[in-house]
Amino acid sequence: MHATTILMVRKGGRVVIGGDGQVSLGQTIVKGNAKKVRRLTKGGVIGGFAGSTADAFTLFERLEGKLEQYPGQLTRACVELTKDWRTDRYLRRLEAMMLVADKEVGLLLSGSGDVLEPEGGIMAIGSGGNYALAAARALADSDMDAEAIVRRSLAIAAEICVYTNANIVIETLETA
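Residues numbered from 1 in each chain as written. Predicted model: local features only at pLDDT ≥ 70, side-chain atom pairs only at ≥ 80, totals over all residues. Heavy atoms only, no water.

A word on the UniProt feature "active site" (unreviewed entry) in the chain
Then, in step 1: Using the residue numbers shown here, the UniProt feature "active site" (unreviewed entry) corresponds to T4.
Then, in step 2: Looking at the element boundaries, T4 is found in the segment before β1 (5–11).
Then, in step 3: Leaving out residues up to four positions away in the same chain, T4 has contacts with D20, K36, F49, A50, I125, G126, S127, G128, Y163 and T164. (UniProt positions renumbered as here; feature names shortened; annotations may be inferred. Helix = DSSP H or I, 4+ residues; strand = E, 2+ residues; numbered from the N terminus. Contact = heavy atoms within 4.5 Å.)

Structure, rendered in structure tokens:
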């Protein structure tokens, strides 16, 4: 997935998902302040996406439906969404990846059937995801809190990745 960076960090009783605001079409930046991170289900779940915006909104809507069907069961809702994503003719064509989290678990979802929980509470997606992931892992043992780690790591990714900018949107959940 190109044209974004989304990072999730779970540390110190908080889970934080942050993302940049750049939207690119080919070699052109068409928007610099997109909101790719948002709250779902009345604020109990946070999520961010990399990929096509329309596809991501479709997946967020479907995830909210699954969360209504399986309240308080983020993992089950994500597995059910991913099964639909793989088998439904319409959904199969959607090109996006998602990071979602609630108070207990954080997950990466993909159209290839992945529902992955991060190792060490840190995961990233998008074209700048590996840069942000490396920065966050390096900062994880510091005295910085989860939000500070996300902000600094995304800033580092924005300095390296041409598809990532420094207009950062953050969502946080208290886990303790």
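There's plenty left to go through after this.
Description of the packing of helix α1 (residues 53–69) against helix α2 (residues 74–87)
Then, in step 1: Remark: α1 packs on α2, axes separated minimally by 9 Å, with the N-to-C direction vectors making an angle of 130°. Between α1 and α2, the angle is such that the two are oblique. The handedness of the crossing between α1 and α2 comes out as right-handed. On the side of α1, the interface is formed by L59, R62, L63, K66 and L67, while α2 contributes L74, A77, C78, E80, L81, D84 and W85.
Then, in step 2: For the contact of α1 with α2, the class distribution of residues is eight nonpolar, no polar and four charged. (Axes fitted to C-alpha atoms, helices over the stretch in contact; angles between N-to-C directions. Parallel < 35°, antiparallel > 145°, perpendicular 65-115°, else oblique. Left-handed = near helix turned anticlockwise from the far one by under 90°. Nonpolar A, V, L, I, M, F, W, Y, C, P; charged D, E, K, R; others polar.)

A short note on the packing of helix α3 (residues 129–139) against helix α4 (residues 146–160)
For any two helices packed against each other, the geometry comes down to the angle between their axes and how far apart the axes lie.
Then, in step 1: At a minimum axis separation of 8 Å, α3 and α4 run at an interaxial angle of 140°. One way to sum up the angle between α3 and α4 is to call them oblique. By crossing handedness, the relation of α3 to α4 is classed as right-handed. Here α3 contributes Y131, A132, A135, A136 and L139 to the contact with α4, which in turn contributes I149, R152, S153, L154, I156, A157 and I160.
Then, in step 2: A class-by-class count of the residues in the contact of α3 with α4 yields 10 nonpolar, one polar and one charged.

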